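Structural features, examined
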Amino acid sequence: MLALRGMLLVRMPELPDIDTYCHVLRARVVGQPLTRVELLSPFVLRTVTPAPAAAEGRVVSAVSRLGKRVVLTFERELHFVIHLMIAGRLRFDATGPGSKPLKALSPRAGALFALHFPTGRLSLGEVSKKKRAKLHVVEGAAALHEHDPGGVEPLEVDLPTFRAALTAENHTIKRALTDPRVLSGIGNAYSDEILHRAQLTPVRWTTRLTDDDFARLFEATRAVLNEFRARMIAELDGGFPEKVTAFRPDMAAHGKYGQPCPVCGEPIQRIRYADNETNYCARCQNGGALLADRGLSRLLKGDWPKTLEGLEDLKRTRTR
């Protein structure tokens, strides 16, 4: 999903982005005791017991990803489950010799909570007036499991398991890839990139995919997620990510409507629905045929072009 703040596109972080957060947090908080919890907005906390202060004095034993959530696990199986939603972002301000003094956080500036460690302050902020980011504090493995949507981990399964997950119900590939009950951690942005890499149309039904289609989709899923995750971590060079969003300028299709496809040069197309849009290359993914955009096809009705050539003809006639 996306939101607008000025001209900034804010998209919900997905698997590579969350994994990047987890990677950099492990080096900063694992093995460290939580010295203080600072709750700045009561709306971010979605559980009553245990209280966040119950973690004070406990050491962080692990940082992990659960779907699109960051999980901080403390001693004696106490878990902080952080769901960033669309506009939530984590920040880490280091403390100690050579570090700048910490500035007070303000809920008016979007700060929701902060966790203080000997190494620094981890805070959650939200760049939106709609406060959707969430913190759940739960105890025990069973309580943590309740926050797992149930999708299989795309980077941890083999091809048969991947295929079984996508064909358990008959959906379009786009919907299956982004359903957290099917696959874990993939959303609108990376599903566009995966489908572009696999050269598959987003509206193909999963039960109609061939063996070759599934093999390409499986390999594309692993390649895209691994490549972007590795690229993000390498770019940080030990730093903490300040601008995390499931959009990158080096993406091939997502967010590139109207720009040339890096493979064939044809303009990237889109299907718009609600607050989302799917980006795809008609030439690479659909044999040159356009997929009907709900808004434009309703407007143009019978004049809606079926091919890229027809779209170019329509543009020429409307500019005369």
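Heads up: the structure comes first, above all this text.
Residues numbered from 1 in each chain as written. Predicted model: local features only at pLDDT ≥ 70, side-chain atom pairs only at ≥ 80, totals over all residues. Heavy atoms only, no water.

In total, this model carries five aromatic pairs according to the counting rule given. Each residue in the set Tyr21, Phe92 and Phe240 is aromatic and connected to the rest through ring pairs, giving one cluster. The cationic tip of Arg231 hangs over the ring face of Phe228; the distance from NZ or CZ to the ring centre is 4.8 Å. Looking at Arg270, its charged tip hangs above the ring of Tyr257, at a distance of 3.8 Å from the centre. (Phe/Tyr/Trp six-rings, centres within 6.5 Å; stacked < 30°, edge-to-face > 60°. Lys NZ or Arg CZ within 6 Å of the ring centre and 35° of its normal.)

This paragraph deals with the environment of Ile186. The topology assignment puts Ile186 in the loop between α4 (173–178) and α5 (188–198). Residues Ile186 and Pro13 lie 173 residues apart in sequence; the distance between their C-alpha atoms is 9.1 Å. Ignoring any residue separated from it by four or fewer positions in sequence, one finds Ile186 in contact with Glu14, Lys68, Pro154, Leu177, Thr178, Ser191, Ile194, Thr221 and Leu225. (Helix = DSSP H or I, 4+ residues; strand = E, 2+ residues; numbered from the N terminus. Contact = heavy atoms within 4.5 Å.)

Note on placement: Asp19 falls in helix α1 (residues 15–29). Each residue touching Asp19, except ones within four places of it in the same chain, is listed here: Arg65 and Arg229.

The next thing to look at is the sheet that holds strand β3 (residues 36–39). The strand order across the open sheet formed by four strands is β3-β8-β9-β7, and the pairing between neighbours is antiparallel. The open sheet is flanked by β3 and β7 (88–94), the only strands paired with a single partner. Averaged over neighbouring strand pairs, the angle between their axes works out to 15° when direction is ignored. Bridge count for strand β8 (residues 111–117) against strand β9 (residues 120–126) is six bridges, and the pairing is antiparallel. Note on β9: the bridge partner recorded for Phe117 is Gly120. Across the face of the sheet, α1 comes into contact with β7, β8 and β9 while running at roughly 30° to β7. (Pairing = 2+ DSSP bridges. Axes fitted to C-alpha atoms, helices over the stretch in contact; angles between N-to-C directions.)

What follows concerns the environment of Lys129. Along the chain, Lys129 turns up in the loop between β9 and β10 (134–139). Given a relative accessible area of 86%, Lys129 falls into the exposed group. Separated by 21 residues in sequence, Lys129 and Arg108 have C-alpha atoms that sit 9.9 Å apart. (Buried < 20%, exposed > 50% of the residue type's maximum accessible area, 1.4 Å probe, protein only.)

Turning to the packing of α5 against helix α6 (residues 211–236), a few remarks are in order. When two helices pack together, their arrangement is given by the angle between the helix axes and the distance between those axes. With their axes 8 Å apart at the nearest point, α5 and α6 run at an angle of 125° to one another. On the basis of their axis angle, the class for α5 and α6 is oblique. In terms of crossing hand, the pair formed by α5 and α6 is right-handed. Contact with α5, carried on its side by Tyr190, Glu193, Ile194, Leu195, Arg197 and Ala198, involves Arg216, Leu217, Ala220, Thr221, Ala223, Val224, Leu225, Glu227, Phe228 and Met232 of α6 and no other residues of that element. When its residues are assigned to classes, the contact of α5 with α6 shows eleven nonpolar, one polar and four charged. (Parallel < 35°, antiparallel > 145°, perpendicular 65-115°, else oblique. Left-handed = near helix turned anticlockwise from the far one by under 90°. Nonpolar A, V, L, I, M, F, W, Y, C, P; charged D, E, K, R; others polar.)

Mapped onto the elements, Arg69 comes out in strand β5 (residues 69–74). Remark: the alpha-carbon pair of Arg69 and Gly185, spanning 116 residues in sequence, is separated by 8.5 Å. Excluding residues that lie within four positions of it along the chain, Arg69 makes contacts with Ile18, Ser64, Val81, Ile82, His83, His147 and Pro149.

Residue Pro50 is reached from Thr49 by a cis peptide bond, and omega for that bond is -5°. Within the secondary structure, Pro50 sits in the loop between β3 and β4 (60–66). The residue Arg76 is not glycine, and still its phi comes out positive at about 60°. When its relative accessible area of 59% is taken as the criterion, Arg76 is described as exposed. Although it is not a glycine, Met85 sits at a positive phi angle of roughly 55°. Tracing the sequence through the fold places Met85 in the loop between β6 (78–83) and β7.

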